Amino acid sequence: MHLHFPEDQKATPQVYRLIYRSQMTIEGSPREVAEEIRRILTWSREWNHRAGISGALLFDLHRFAQVLEGPPEAVKNLYGHIACDSRHRHITLLHHGPVASRHFDTWSMGFARTNDEAALAHPEDFQRTDGEKAEDVLKLLMSLLREQRNH
Ligand SMILES: Cc1cc2nc3c(=O)[nH]c(=O)nc-3n(C[C@H](O)[C@H](O)[C@H](O)COP(=O)(O)O)c2cc1C
């Protein structure tokens, strides 16, 4: 898939952030779904680390929301791959653009499950963060997932 992002062609920002949400198409028991997501995360962490991309993946049994940040070309290329992935569909790009700094600099791909409301309030994987900025973005992703659930 080839994507055009015409509005930022003139700028050459160092950090680019992209946020999308999608509907999961992975079938099977919750355990099988979890295993497939684990595969995605294992792959992502290695690839993202090499590509200089950081971010977070949020999911329940039906949806994903993800934030990617890193060098503009790397982020856009990766999104091109992710958007073609048959493990999800109805991918909605919610935000993309240059940012002053990373929010998830310590994670090549953090994650949180959102089917547990307690975990929502204090997602374990996100407590290792070194700043409140990541939590803010996470809250935003959570509200986006909740929003999608209502549609
Ligand atoms: C919801 C979701 C999130 C993903 N996030 C990443 C990611 O952050 N980094 C990554 O390398 N692959 C990610 N993937 C996997 C890619 O879609 C793709 O499988 C991988 O980049 C390999 O590319 P290819 O299948 O085109 O060879 C994700 C897949 C899904 C379904």
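For the structure itself, consult the block above.
Owing to the predicted nature of the structure, the values given are computational and were not obtained by experimental measurement.

> Looking at this structure, I do not really get the overall build of the protein chain. What am I missing?
The helix and strand inventory of the protein chain stands at four helices and five strands. Sequence-ordered secondary structure for the protein chain, helices as α and strands as β, is β-α-β-β-α-β-β-α-α. Going through the 151 residues of the protein chain one by one, you find that 44% of them count as buried. Taking the contacts inside the protein chain whose residues are at least 6 apart along the sequence as the reference set, 77% of them involve residues at least 24 apart. Of the roughly 8,800 Å² of accessible surface on the protein chain, 51% is carried by carbon and sulfur atoms.

> Explain the environment of Arg 63 here, please?
Position of Arg 63 among the secondary structure elements: in strand S3 (residues 63–70). Distance from Arg 63 to Ile 26, taken between C-alpha atoms, is 9.9 Å for residues 37 residues apart in sequence.

> What is the right way to read the nonpolar core from this model?
Across soluble globular proteins, you tend to see nonpolar side chains buried next to one another. Formed by 21 residues in total, the largest nonpolar core has its most connected members in Met 24, Ile 26, Ile 37, Leu 57, Phe 59, Phe 64 and Leu 68. Of all elements in the fold, only strand S1 (15–24), helix H1 (30–51), strand S2 (54–59), S3 and helix H2 (72–83) reach the threshold of two or more residues within this core. No other element matches H2, which puts five residues into this core.

> I keep staring at the sheet that holds strand S5 (residues 110–113) and nothing clicks. Help me out?
Neighbouring strands of a sheet are bound in pairs by backbone hydrogen bonds; such pairs are parallel or else antiparallel. With mixed pairing, the five strands of this open sheet are ordered in space as S4-S1-S3-S2-S5. At either end of the open sheet lies a strand with only one pairing partner, and these are strand S4 (88–99) and S5. Between one strand axis and the next, the sheet turns by 10° as a mean value, whatever way the strands run. Pairing of S1 with S4, which is carried by nine bridges, proceeds in the antiparallel orientation. Note on S4: the bridge partner recorded for Val 15 is Val 99. The strands that H1 touches are S1, S2, S3 and S5; relative to S5, the one it contacts most, it runs at about 165°.

> Whenever I open this one, H2 confuses me. Can you help?
One full turn of an α-helix is made of 3.6 residues, so residues set three or four places apart face in the same direction. Between its terminal C-alpha atoms H2 stretches 16 Å, which fits the 16 Å expected from 12 residues at 1.5 Å a residue. When we look at burial in H2, the residues that qualify are Pro 72, Val 75, Lys 76, Leu 78, Tyr 79, Gly 80, Ile 82 and Ala 83. Where H2 is buried, its residues meet S1, H1, S3 and S4.

> Is there a simple way to explain the pattern of salt bridges in this structure?
Should the charged atoms of two oppositely charged side chains come close, the side chains can pair. Enumeration over the complete set of coordinates arrives at seven salt bridges. The closest approach of N and O atoms between Arg 17 and Glu 69, which form a salt bridge, is 3.1 Å. Of this pair, Arg 17 sits in strand S1 while Glu 69 sits in strand S3, and the two are 52 residues apart along the sequence. Judged on exposure class, the residue Arg 17 and its partner Glu 69 are both buried. Across the salt bridge formed by Asp 85 and Arg 87, the nearest N and O atoms sit 2.8 Å from each other. Asp 85 gets classed as partly exposed once you look at its relative accessible area, which sits at 23%. For Arg 87, a relative accessible area of 27% gives the class partly exposed.

Thresholds applied
- Residues numbered from 1 in each chain as written.
- Predicted model: local features only at pLDDT ≥ 70, side-chain atom pairs only at ≥ 80, totals over all residues.
- Heavy atoms only, no water.
- Helix = DSSP H or I, 4+ residues; strand = E, 2+ residues; numbered from the N terminus.
- Buried < 20%, exposed > 50% of the residue type's maximum accessible area, 1.4 Å probe, protein only.
- Contact = heavy atoms within 4.5 Å.
- Areas by Shrake-Rupley, 256 points an atom, 1.4 Å probe, with all protein chains shown as cover.
- Core = buried A, V, L, I, M, F, W, Y, C linked by side-chain atoms within 4.5 Å.
- Pairing = 2+ DSSP bridges.
- Axes fitted to C-alpha atoms, helices over the stretch in contact; angles between N-to-C directions.
- Expected span 1.5 Å × (residues − 1).
- Salt bridge = Lys/Arg side-chain N within 4 Å of Asp/Glu carboxyl O.

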